[in-house]
Amino acid sequence: GGSATTLLRHATKVTALVVCAGHVFFGDEDGEVGGWALHSLQAFVTSGTAPHVGAVFALEAFAMDEPLLFSAAADGLLAWDVTSRQGRGSLQGHTSAVIGLAISQGLVASGSTDGELRFWEPVSRRCVADVVAHSAPIQALAAVQHGLLASACRGGHVRLWRVEEQERHSTS
């Protein structure tokens, strides 16, 4: 064994983690999003937007001049400012629980339990493309090299998507 530092014994189950701009962010089963500043190990909870209703299923961070954090849950997607830890609002469009998140080609990709895959411009939170990707619930997304995005569904299929082609086929 190696050494470890316990940041915080959390009161509920932590369901998602992501690192961005010197912070470790968590999502928990109560819908809360918070984290720790790595330089001080000081804990914090995000504010300015109501927490999710139900568990956070995924977190993803978009690093840029003003880094953004995205959280996914049964009630949809929320955006957070990493520096201020304040809510930036929701991303409107999904009609069922959002399970998967990934960042690819400068876009946020989200996958939901109705098999829908959406691509979002992170700053404006505008959906630039959506596609019915699977006939079963999407369980996971992953950015792959060369502008590809992988989506996996509960039906056992994994599909690869060219992100730049999805931008051209926007239906929103």
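Quick summary incoming for the structure in this document. Predicted, not measured: the structure shown is a model, and the values here were computed from it.

**Description of the sheet that holds strand β9 (residues 98–104)**
Backbone-to-backbone hydrogen bonds join strands into a sheet, with any given pair of strands oriented parallel or antiparallel.
Link 1 in the chain: Taken in spatial order, the four strands make up an open sheet running β9-β10-β11-β12, and their pairing is antiparallel. The sheet is open, and its two borders are formed by β9 and β12 (126–132), each paired with just one other strand. Sheet twist, expressed as the mean angle between neighbouring strand axes with direction ignored, is 20 degrees.
Link 2 in the chain: Bridge count for strand β11 (residues 116–121) against β12 is six bridges, and the pairing is antiparallel. Its bridge partner lying in β12, Glu-121 is registered against Arg-126.

**Side note on the sheet that holds strand β2 (residues 23–28)**
Link 1 in the chain: Strand order in the open sheet made by the four strands is β1-β2-β3-β4, with antiparallel pairing throughout. Bordering the open sheet on either side are β1 (14–20) and β4 (42–45), each of which pairs with just one other strand. When strand polarity is set aside, the average angle formed by the axes of neighbouring strands in this sheet is 25 degrees.
Link 2 in the chain: In this sheet, β4 lies alongside strand β3 (residues 33–37) in antiparallel orientation, the contact comprising four bridges.

Criteria and cut-off values
Residues numbered from 1 in each chain as written. Predicted model: local features only at pLDDT ≥ 70, side-chain atom pairs only at ≥ 80, totals over all residues. Heavy atoms only, no water. Pairing = 2+ DSSP bridges. Helix = DSSP H or I, 4+ residues; strand = E, 2+ residues; numbered from the N terminus. Axes fitted to C-alpha atoms, helices over the stretch in contact; angles between N-to-C directions.

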